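Observations on chain architecture
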Amino acid sequence: MASPYTDIARVLDAARHRQGWIVVWTALFWGATGASVVLLLGAAGLAYGPTWVTTWLRPASLALTALVLLATVAWAARGLWKSAWGPKEAARTVAGNDPMLRSALLSSVELVGEREVLEKTGSLSVALVDEHISRTANRSRTIDLARAIPARPARKGGLALALAASAQLLALLLLPNLGRGYARLLAPARAPAGSLRQEPITSDIELTYLYPAYMARPEKKVPGSGGDVTAPRGTEVRISTRSDRPVKEAQLVVESFAAPVGAAANLGVPSQKEAPKEGTGEARAPSRRVYALKVANERDLTGSFVVDDAGSYRFQYLDHGRVKVSGPPIPVAVEPDAFPEVRITAPATEVEIDAGSSLRVEWSASDDFGLSELGLVLKPPAAEETRRPLRTFDSTRRDSGSFELDLGPLHLGEGERLLYWLEVKDNDAVSGPKRAASSTHAVKIYSEAEHHRLSLELARQQWEELVRLLADRLEQLRRGVPVDPERLARGEDLDNRARQLHERMRETALGMKKDRSAPKEIPQALLNVASAIRAEEQRLSAARQTLSRWLRMAHTDESLPRHLDELDEEMNRELEKDVLYLEQLFDKRRAEDLVRMAKDLASRRRDLASLLERYKQAPTEQAKKNLLAEISRLKARMQDMLRQMSELARGVSDEHMNAEAMAEMAKSQDLAGAMKRIEDLLAKGDVDQAMKELDAMGNTLQQMLSSLERTAGMPDERNAALMKQMMAFKKDLEEVQKEQEKVAGETEQVKAQYRKAVADRLRRAEEATKKLEALAKKAQDELRQSHPGTSPRSEDDYTQAKDRLDDLRRALAMRDLDAALDVSKRALPPLQRLAGELESDAFMAERYANFQRRSPPADVREAARHAKDAIPPARKVREELEAMFPDPKTVLPRSEQQKLDKLAKDEQGLEQKAGKLQQQLGELMQAAPIFPPQASENLGEGRGHMQSAAEELGRKNPQRGHGQQREALDSLARLQKGLEEMAKHGQGGGGGGFPFPFAEAGTPQGEGSEGDPSREKVEIPQADPTKGEQFRRDLLEAMKQGTPEPYRGEVKRYYQELVK
Amino acid sequence: MMRGRAILAVLALAAPALAWPRGKEADQSSVEGSTRHALELLGDERVQEAEAELEPLAATAGENPYLPLALGVLRLHEQRYEEAVTLLEKFGGTGPGRDWLDLARSSRDVTKGYLRAESEHFTVSYPKGKEEVLVPYLLEALEAQRAALEKDLGWVPPGKVTVEILENTRDLARLSTLTEEEIKTTGTIAICKFNKMMVTSPKALIHGYDWLDTAAHEYVHHVVTARTHNNTPIWLHEGIARWHESRWRGPGGEILSPWSAALLRDAAKKKKLITFAQMHPSMAKLPSQEAASLAFAEVAVAVDYLKKTAGPGALPKVLDQIALGRSTEDAIAVATQEPFGSFLEGWKRYLVTRPLPEGGEQEMRRLRFQGDPSHGGAYSEWAEIPDEQARRFARLGEIFRERSRWEAARLEYGKAVKRVGARYPSLAGRYAMASMITGHDAEAEKALSEALRGHPDEAALHVQKGRLYLKRQEWQRAKESFLLANRSDPFDPEIHAGLAQAERALHDETAASREERFARILVGHDTAPGGAPHGSPKD
């Protein structure tokens, strides 16, 4: 029967083995995984965690790892015990979830064990048992162990371990410090080498420091110390102490640490910044020196050593030359001798001064023990450093002073920079003097050309914007194109740009004016241009806004777009003029600067020639060095100049100019190439040829200079022509003024005749005048009664009418009938407007009950009536006054009338001359924007008055004719004054970009003028003697008080219109 | 542009014959006689006859001290400079011999490394490099000129003529007996002397010059000199050359540019004409470019008048008479069948009554030489515009052009053109360019046409027109425009690039490839090979 069971036993045995391995591998994999994860976390914590974590993290990590491993082992043991310990456990494991199989296998195992007993006892049928075993064996043969006991747990464990390993690898790759963390985790920190603490073998150490002589420090005694030595290098340290035991022989062993060489000897350090730092130099080998100690009374020891480097010393007791006892090391520290310090306290790090002048340099220097020497180092451009001793010190620790740095002998050119600094040495006699340097300062030779260039650059930026604006205007606002909202928007945008440009130009100009080195004419020119642009832009903006409003209201009038087109054209013309005007100024300035530069070059070439001559006489290496340095500087300067020249020569290039010829031209001016040849010749030692080359270069330079001078002179020629035109204009203007004065004077004589003729009539009009006064008073009273009904709308008219009626009464009272007539004429329009407005207000108030009013409707009606009633008396006054003045034809004799005819013709002639003047002015203004924008308007006004004067005189009215003549003179005087003021701010200030012949000699320069018309007092045309003194005084008084009351309404209306 | 040429009539170099030791008579020694005769023949540019005289004696050069001189001068006339230097060095001495030696050395040095290209009747000797682009055009023009002169004058000298292209006026001065100052003062640019033609490369002038007409002009001198044994007076020489210089490309007689016509009429009215005597010994000796221009205009009109009054056969007749040894006055009298005085009177009347060409009132534009500080300078290109406002607009246009604001530039140039018209080439050219770039081709064409009426030789304008035609794909017209431009400024690469494009479109691949190569040479992307594209190259 053993045979069927053998099969069962074999299956169970195989199952035990399989299960055993699976459990073991599973435990192994999972344990390793767990441990790996714990270690990774621990290592990461140690590598990146805060310090407080690291103190407990290592033991914690290790403990956890151990725990994980232990748990794994326990789990494996338990698993083995429960599932693979014996046949029964194996049977349970194999049967899995099949209770029948489990029961069959278990019962088979048990029955086999008890078969003999059963056989003996017969308590159970053995055959039945065998049958059962046989069936179970059959069944067991069909068992697939791989399925019955799956290896999945082990595979899962393996996978987990692989993942953990991958994570480790990745972490090691990504976290650079992780390795260090692992090291700290796995390798226990070594405990510091446990040096056996040596007990002191001496006591009561007394130290005496004897410092080096250069330090001038007194001897220092330190009794009863622990023996620690701190002293400067070179200090002798004397030691006395007492041994703790009887000693026959003793010694001191001084051991120095490894010390950097540079720390010991700091000679030759060019600057503090470059000085080697402690520990960064090459290490010096540790040294060991032995000094014998004197032994007295078997215990008293004395000796000494010199401090050289930091380290330690120790006592040793000897017996027959052999060290028996060695004391602990006692530290020796070197007290550092600091570097000296030197500073340039004045001037600032970089200054700019004139060539050939000197510079006062102030300095201060200090050292902890003592200074020895102070020196100056100069580094001219493209040359080597030169050192000059300035002074020596007698171990002074701190000092300061100043010296004059004379730049003359250095022959520095404009714009060149000289670098300089100070060097100081201390008096360290032990390690050698230490050297330190101040920070490097620079002195730049003032270059007017460079300053001009910078200013020009600033101005040129504005000019470029001017050019852009003009180009955009030309391209975007084509003339004759119908106006639409889009075009208007473009125009407004361009207007804004013009406004901004005006602002920037003003700012730039004012900034440049503050710079003493900026060329004077440029800011003035910018102001001229800014002012001109602004005037045009204001007109344009207003017109564009009006047109925009009209477009919104669907207005179809075509005159406004045409007007706008014309204004745009005017703006374009202004910009064109400004672009050329400024460009010409820039060219002139640049050309003049180039001439300066070329002269400087020529002078340097001469210096070079004399250097070369000297070198030829005495060819030394130093002379050659100087020569080459000079050549190098000259070369740099030439390149700079040639660069600027090529900038100046813009506009010459024509793409169809023969390119070959241009290339040849460039070659012939290759001065830099000549310098290179000279350099090469000198290098070869061919001084004669180099001199020849230099001579040839001199000729080329001379040609260049002549050419530049010619170029620079060209604008002057143009200016001369302009000046001539201006002088002619000035002369013509003065002539016209003079003639106008003359004609006005003659008219005045005729006027006097007329006044004389009418005087009797006016005297006879005394009665009538009283009547007029009464009428004027009546009108005034009526008007006053209308006041309660006035509204804000009619307030202005009321005020005007009131003021004029007041003036009328005053003039009548003074019997100034001429003035009274004038005022009466001006009083009627506001009176009529007031009556109309009040009538309208009354109507509205009566018709609409809810009409919001200050006054009740009845009051308004009453006011309207009074206003209306004021008109007839006022009109009557005017009519009466007009009747009082007879027609001059009826009053003046024939000869005077003929005279008036002649004067009318003269006046007409003057008007024509003024017309020509206006034309001239227009042409001049086209040439350069140097006239105030209002100049043409003034002249136009003057012409208008002349025309009116001619007409009045033709009508035989000397009164009005003379008045118009005075107005014309006033306009001319304002023009003249404006021009003179402009000149004062331009040429008078030493700058005007163009000549301006209107300046009065010695007139002071004012501020802030931009070509506005004169704000100075203009002489009032001769007072009319027929007008009362009081009346004129009143007028003048009113003028002083700002806007005269009668005109406030007009002014207000004007601004309201503007706002609309 | 003013152009000047001169027959070198300086006798210094002919002096050896005059300086011959008078103690010896020619018939005393046949060698000495032949030598002296040969030198006299060379003085008259009769090289072949001198050669015939001297070659048999060459073997005996050691026996007569003057033979090396004569042989040296002969070799110089044959452009065998190395041999000439050796012979003249052998002669040594001072005075005329020294001058000939200097000339031979200069000729040798200047032409050292020159390349040569040949056609049937001409050899062009030119410096290595960009001058190669001149060669095919030069040979073609000279062959055409030769054929035309043979027809007009009935005879041209046999054999090949050498043309030397010189890089600058300095070289021209070294190879002639003129100073550089004289060359620049009168605008002399080419010389026919020593049995060759010396032509300055157009690259020596900023705007180039009409170099093909100039070469043709010098060839006329060569023919007339040979025909009359150098006995033609300078005024007639220049008149004939001037009249025929454009014969290679047309009927000839294009003698007066608008400005020279105006200059001439003004001088005739004011009686400030240059006399024929003042033109002697060389036009190049006149005091200014204006004087030289006036003189050229006068003599050209004289020939024109001669042809008009006595017919086309008159000129060969005059030359024949001169060759026979008659005076010029007599020769003209014979040809015109009227006294010379009447001829002169008629000529003077003709000077005033001859109709002016279009644009005759314009100012003369001076030749601008490289390196001359009195030429050029900022804005000088606008100096020719007399109207200041127009100059201002032109400058504004320029400002915008420099900033690539083409529309604004066009508008400003346009304003200038509106004031003064498009007769100023620089202005018209810029205006046309801005117009083309902004798409206003019609405006561009109108301006260019107007400008070209007054300045038919202005290369830049032709280039602009060429561009315009290329844009319109009018290939034949484009080619013509570029060829016209090439007649003045052959070193503009755009001309050759444009020609290449046009030729290709016209299916002439050979010409297109050649022009492409020329363009590459001029922009420096191709090195000129040793050979010439025309004829067989040899060093």
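Residues numbered from 1 in each chain as written. Chains lettered and ligands numbered in written order. Predicted model: local features only at pLDDT ≥ 70, side-chain atom pairs only at ≥ 80, totals over all residues. Heavy atoms only, no water.

Brief notes about the packing of helix 10 (residues 448–476) of chain A against helix 18 (residues 406–420) of chain B
The packing of two helices is summarised by the inter-axis angle and the distance between the axes. Threshold: With axes taken as lines fitted to C-alpha atoms, and helix axes fitted only over the stretch in contact, angles between N-to-C directions fall between 0 and 180 degrees. Helix and strand assignments follow DSSP, with helices taken as H or I runs no shorter than four residues and strands as E runs no shorter than two, numbered in order from the N terminus. Note that the term roughly parallel is reserved for angles under 35 degrees, roughly antiparallel for angles over 145, roughly perpendicular for angles of 65 to 115, and oblique for everything else. In this analysis, two residues are considered to be in contact whenever any of their non-hydrogen atoms come within 4.5 Å of each other. Charged means Asp, Glu, Lys or Arg here, nonpolar means Ala, Val, Leu, Ile, Met, Phe, Trp, Tyr, Cys or Pro, and polar covers whatever is left, Gly included.
Interhelical geometry of helix 10 of chain A versus helix 18 of chain B gives an angle of 85° and a closest axis separation of 8 Å. Judged by the inter-axis angle, helix 10 of chain A sits roughly perpendicular to helix 18 of chain B. Contacts between helix 10 of chain A and helix 18 of chain B pair Leu-470, Ala-471, Leu-474 and Glu-475 of chain A from the former with Glu-407, Ala-408, Leu-411, Glu-412 and Lys-415 of chain B from the latter. Per-class residue counts for the contact of helix 10 of chain A with helix 18 of chain B are five nonpolar, no polar and four charged.

A short note on the confidence of the model for chain A
All names here are of chain A. Heads up, the condition is: Every residue carries a pLDDT, the predictor's confidence in it, which falls somewhere between 0 and 100.
Chain-level statistics for chain A give a pLDDT mean of 79 and a share of 82% at 70 or above. Here helix 9 (residues 261–264) is the element of chain A with the lowest mean pLDDT, 40, and strand 13 (residues 341–346) is the one with the highest, 93. This model gives residues 191–196 a pLDDT under 50, and the stretch forms zero contacts once residues within four places in sequence are excluded. Contacts for the low-pLDDT stretch residues 999–1026, under 50 throughout, to residues beyond four places or in other chains number 45 contacts.

Remarks on unusual backbone geometry
Residues and elements named next belong to chain A. For the bond running from Ala-346 to Pro-347, omega is 0°, close enough to zero to count as cis. Take Pro-347: it is sitting in the loop between strand 13 and strand 14 (350–353). Even without being glycine, Asp-204 reaches a positive phi, approximately 50°. Mapped onto the secondary structure, Asp-204 falls in strand 1 (residues 202–210).

A word on the nonpolar core
Nonpolar side chains in soluble globular proteins tend to end up buried together. Filter applied, for reference: What is meant by a nonpolar core is a set of buried Ala, Val, Leu, Ile, Met, Phe, Trp, Tyr and Cys residues, joined one to another through side-chain atoms within 4.5 Å. For every residue, the accessible area (1.4 Å probe, protein chains only) is compared with the maximum for its type, and the residue is labelled buried under 20%, exposed over 50%, or partly exposed between those bounds. In this entry, domain limits derive from an automatic or database-based domain assignment.
Residues Leu-138, Tyr-219, Trp-235 and Met-279 of chain B are the most contacted members of the largest nonpolar core, which totals 93 residues. Broken down by element, this core gets its largest block of residues, 13 residues, from helix 13 (residues 289–310) of chain B. Two domains each put at least three residues into this core: domain 2 (115–353) and domain 3 (388–531) of chain B. Dropping the residues within four chain positions of it, Trp-235 of chain B is found in contact with Phe-276, Met-279, Val-299, Ala-302, Thr-328, Ile-332 and Phe-340 of chain B. Counting 70 residues, the second-largest nonpolar core is a separate cluster that includes Leu-466, Leu-540 and Ala-543 of chain A together with Ala-451 of chain B.

Re the pattern of salt bridges
Basically, it comes down to this: Within this document, salt bridges are pairs made up of a side-chain nitrogen of Lys or Arg and a carboxyl oxygen of Asp or Glu, the two lying within 4 Å of each other.
Evaluated as defined, the whole model comprises 104 salt bridges over all chains. A salt bridge links Asp-7 of chain A to Arg-10 of chain A; the shortest N-O distance between them is 3.6 Å. A residue pair is termed a helical-turn pair when its members lie 3 or 4 positions apart in one helix, as Asp-7 of chain A and Arg-10 of chain A do in helix 1 (residues 2–48) at three residues. Ionic pairing is found between Arg-504 of chain B and Glu-516 of chain B, a salt bridge with its closest N-O pair at 2.4 Å. Taken together, the positions of Arg-504 of chain B in helix 23 (residues 493–505) and Glu-516 of chain B in helix 24 (residues 509–523) put the pair twelve residues apart, joining distant regions of the chain. Exposure remark for Arg-504 of chain B: the relative accessible area of 33% places this residue in the partly exposed category. Under the relative-accessibility criterion, Glu-516 of chain B is labelled partly exposed at 28%. A network of salt bridges, in which partner residues are shared, links Glu-465, Arg-468, Asp-472, Glu-475 and Arg-497 of chain A together with Arg-405 of chain B.

Things to note about a nonpolar patch on the surface
Residue and element names in this part refer to chain A. Our working definition: Patch definition: residues with relative accessible area over 30% and no salt bridge; like charges joined within 9 Å; nonpolar side chains (Val, Leu, Ile, Met, Phe, Trp, Tyr) joined within 5 Å. Residue burial considers only the protein chains on display, and all accessible areas are found by Shrake-Rupley using a 1.4 Å probe.
On the surface, Tyr-48, Leu-170, Leu-173, Leu-174 and Leu-175 cluster together into a nonpolar patch covering about 520 Å² of accessible area. A per-element tally of the nonpolar patch places helix 7 (residues 152–174) first, with three residues. Residue placement: Leu-175 occurs in the loop between helix 7 and helix 8 (178–186).

Side note on helix 22 (residues 475–486) of chain B
In an α-helix, one turn spans 3.6 residues; hence positions three or four apart end up facing the same way. Residue and element names in this part refer to chain B. Applicable threshold: To estimate how far a helix should extend, the number of its residues minus one is multiplied by 1.5 Å. Here, the arc refers to the directions that run from the helix axis to the C-beta atoms.
Here helix 22 contains twelve residues, and its C-alpha end-to-end distance of 16 Å stays within 8% of the 16 Å for a straight helix at 1.5 Å per residue. Buried within helix 22 we find Ala-478, Lys-479, Ser-481, Phe-482, Ala-485 and Asn-486. End-on, the buried residues of helix 22 take up no more than an arc of 165°, which puts them together on one face. On the buried face of helix 22, the contacting elements are helix 7 (135–153), helix 10 (211–228), helix 21 (459–472) and helix 23.

Examining the packing of aromatic side chains
Under the convention used in this document: Aromatic pairing here means that ring centres of Phe, Tyr or Trp (its six-membered ring) are within 6.5 Å. Orientation follows from the plane angle: under 30 degrees is stacked, over 60 is edge-to-face, and everything else is tilted. When the NZ atom of lysine or the CZ atom of arginine is within 6 Å of a ring's centre and also within 35 degrees of its normal, the charge is said to sit over that ring.
Scanning the entire structure with this criterion turns up 17 aromatic pairs over all chains. Centre to centre, the rings of Trp-363 of chain A and Phe-393 of chain A are 6.1 Å apart; their planes meet at 75°, and the pair counts as edge-to-face. Note that Trp-363 of chain A is positioned in strand 15 (residues 358–366) and Phe-393 of chain A in the loop between strand 17 (386–392) and strand 18 (398–406), a separation of 30 residues in sequence. By relative accessible area, Trp-363 of chain A is classed as buried at 4%. Given the relative accessible area of 10%, Phe-393 of chain A is considered buried. Three or more aromatic residues joined by ring pairs form one cluster here, namely Trp-235, Phe-276, Tyr-305, Phe-340, Phe-343, Trp-347 and Tyr-350 of chain B. Between Arg-217 of chain A and the ring centre of Tyr-211 of chain A, over which it is positioned, the NZ or CZ distance is 4.2 Å. Over the face of the ring belonging to Tyr-137 of chain B we find Arg-514 of chain B, whose NZ or CZ atom lies 5.1 Å from the ring centre.

Side note on the environment of Asp-688 of chain A
Structurally, Asp-688 of chain A can be placed in helix 17 (residues 687–764). The spacing of Asp-688 of chain A and Glu-613 of chain A is 75 residues in sequence and 9.4 Å in space, taken between C-alpha atoms.

A few points about the sheet that holds strand 15 of chain A
Residues and elements named next belong to chain A. What counts is decided by this rule: Only strands joined by at least two bridges in the DSSP assignment are considered to pair.
Taken together, three strands build an open sheet; the order of strands is 13-15-18 and the sheet is antiparallel. Strands at the two margins of the open sheet, each flanked by one partner only, are strand 13 and strand 18. Each neighbouring strand pair of the sheet contributes to a mean axis angle of 25°, computed without reference to strand direction.

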